[in-house]
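Structural overview
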Amino acid sequence: MTPKPTLLKVLDYLSVIVLIIAAYLALVYAPTEQIMGDVQRVFYFHIGTAWVGLLGFVLSAILGIAYLVTKDMKWDIIEVAAIEISVVFFFITIVLGSVWARPAWNTWWTWDPRLTTAAITELVYVAYFMLRAGVEDPERRARFGAVYALFGGLSAPITFMAIRLFRSIHPVVIGAANQNQEKMNMSGDMRVAFFFALFAFTVIFIDLFWNRIRLGQLESKVEQLKLKVM
């Protein structure tokens, strides 16, 4: 495996730094929400992980198209990296949402449109890896994965728009579609913590994404050597 690029090493350290700052802003700097109390502080990481999770899912659909057009395996490697990282981040989103929901809604889970579509999206991409595991030929696996990622990518915008399309108790963070929807109002300090969390998790996503691509390239080389031996 080629030595890690200097820029990636810097990004590794930067990811740790911005995560620590984001945690400080969420847990200390941001004021306590008057109604929900300290549990609302989960919100900053909840939205941050959701943002990068959905971003990766949409990106994977674009990468799927790139593979289908070019048949270049590098796009398959990048696609897998995007989905693998996003599945982890989106799982964290769902867990943090449940932690927030328990005191706010008096239940860990409710079949609200946003929660339901989020759960379906997570399961769709878990199934993606089950599909890939059942196909041995690299090119067939890449082709099936690209088609799956392309159609699976539709679940991301549906999840995002669910609270705007259907009646939902889930608050709208930015922009409400109508006056009947609950909109989360943030103070200036809350906005600082919110937007920095988005920035921090974007940096972390890029760092993990780059590292996972390098790992995928190594896995591809190992697989090719195995096929030659066989």
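Each chain has its residues counted from 1, running along the sequence as written. pLDDT decides what is reported in this predicted model: residues at 70 or higher carry local features, side-chain atom pairs at 80 or more are listed and counted, and totals for whole chains, interfaces and linings draw on all residues regardless. Water and hydrogen atoms play no part in the side-chain values, which are based on all heavy atoms of the structure.

Some thoughts on the overall build of the protein
- A helix here means a DSSP run of H or I that spans at least four residues, while a strand means a run of E at least two residues long, and both kinds are numbered starting from the N terminus. Across its full length, the protein carries seven helices and zero strands.
- What you see in the protein, going N to C, is helices and strands ordered as α-α-α-α-α-α-α.
- Only protein chains enter the area calculation, which uses a 1.4 Å probe; residues under 20% of their type maximum are buried, those over 50% are exposed, and those in between are partly exposed. In the protein, buried positions account for 45% of the 230 residues.
- Split by element, the accessible area of the protein, about 12700 Å² in all, is 69% carbon and sulfur. We get accessible surface area from the Shrake-Rupley algorithm with a probe of 1.4 Å; when it comes to residues, only the shown protein chains can shield them.

A look at the pattern of salt bridges
- For this analysis, a salt bridge means a side-chain nitrogen from Lys or Arg found within 4 Å of a carboxyl oxygen belonging to Asp or Glu. Evaluated as defined, the whole model comprises five salt bridges.
- Between Arg 212 and Glu 84 there is a salt bridge; the shortest N-O distance is 2.7 Å. You can see Arg 212 sitting in helix H7 (residues 188-229) and its partner Glu 84 sitting in helix H3 (residues 73-105), a full 128 residues away along the chain.
- For Arg 212, a relative accessible area of 11% puts it in the buried group.
- The exposure class assigned to Glu 84 is partly exposed, which follows from its relative accessible area of 30%.
- We note a salt bridge from Glu 219 to Arg 212, for which the minimum N-O separation is 3.5 Å.
- Taking the relative accessible area as the measure of exposure, Glu 219 reaches 41% and is therefore partly exposed.

Structural notes on a nonpolar patch on the surface
- A contiguous nonpolar patch, built from Val 88, Phe 91, Ile 92, Val 95, Val 99 and Trp 108 and spanning about 530 Å² of accessible area, is present on the exposed surface.
- Summarising the element assignment, Ile 92 is placed in helix H3.
- Exposure remark for Ile 92: the relative accessible area of 33% places this residue in the partly exposed category. Residues enter patches when their relative accessible area tops 30% and they take part in no salt bridge; the joining distance is 9 Å for like charges and 5 Å for the nonpolar side chains Val, Leu, Ile, Met, Phe, Trp and Tyr.

Digging into the side chain of Ser 15
- For Ser 15, the location among the structural elements is in helix H1 (residues 6-29).
- Contacts are residue-level and defined by heavy atoms, with any inter-residue pair within 4.5 Å sufficient. Non-local contacts of Ser 15, meaning those with residues more than four positions away in its chain, are made with Val 203, Ile 204 and Asp 207.

A word on the packing of helix H2 (residues 42-70) against H3
- Only C-alpha atoms enter the line fits that serve as axes; for helices the fit covers just the stretch in contact. Angles between N-to-C directions range over 0 to 180 degrees. With their axes 7 Å apart at the nearest point, H2 and H3 run at an angle of 155° to one another. Relative to H3, the element H2 is oriented roughly antiparallel. Our pair here, H2 against H3, has a crossing hand that is left-handed.
- Throughout, the ten residues Ala, Val, Leu, Ile, Met, Phe, Trp, Tyr, Cys and Pro are labelled nonpolar, Asp, Glu, Lys and Arg are labelled charged, and all others, Gly among them, are labelled polar. Taken together, the residues of the contact of H2 with H3 sort by class into 23 nonpolar, ten polar and two charged. In these notes the angle categories are as follows: under 35 degrees is roughly parallel, over 145 is roughly antiparallel, 65 to 115 is roughly perpendicular, and the rest is oblique. Should the near helix be turned anticlockwise from the far one by less than a right angle, the crossing is left-handed, and should it be turned clockwise, the crossing is right-handed.

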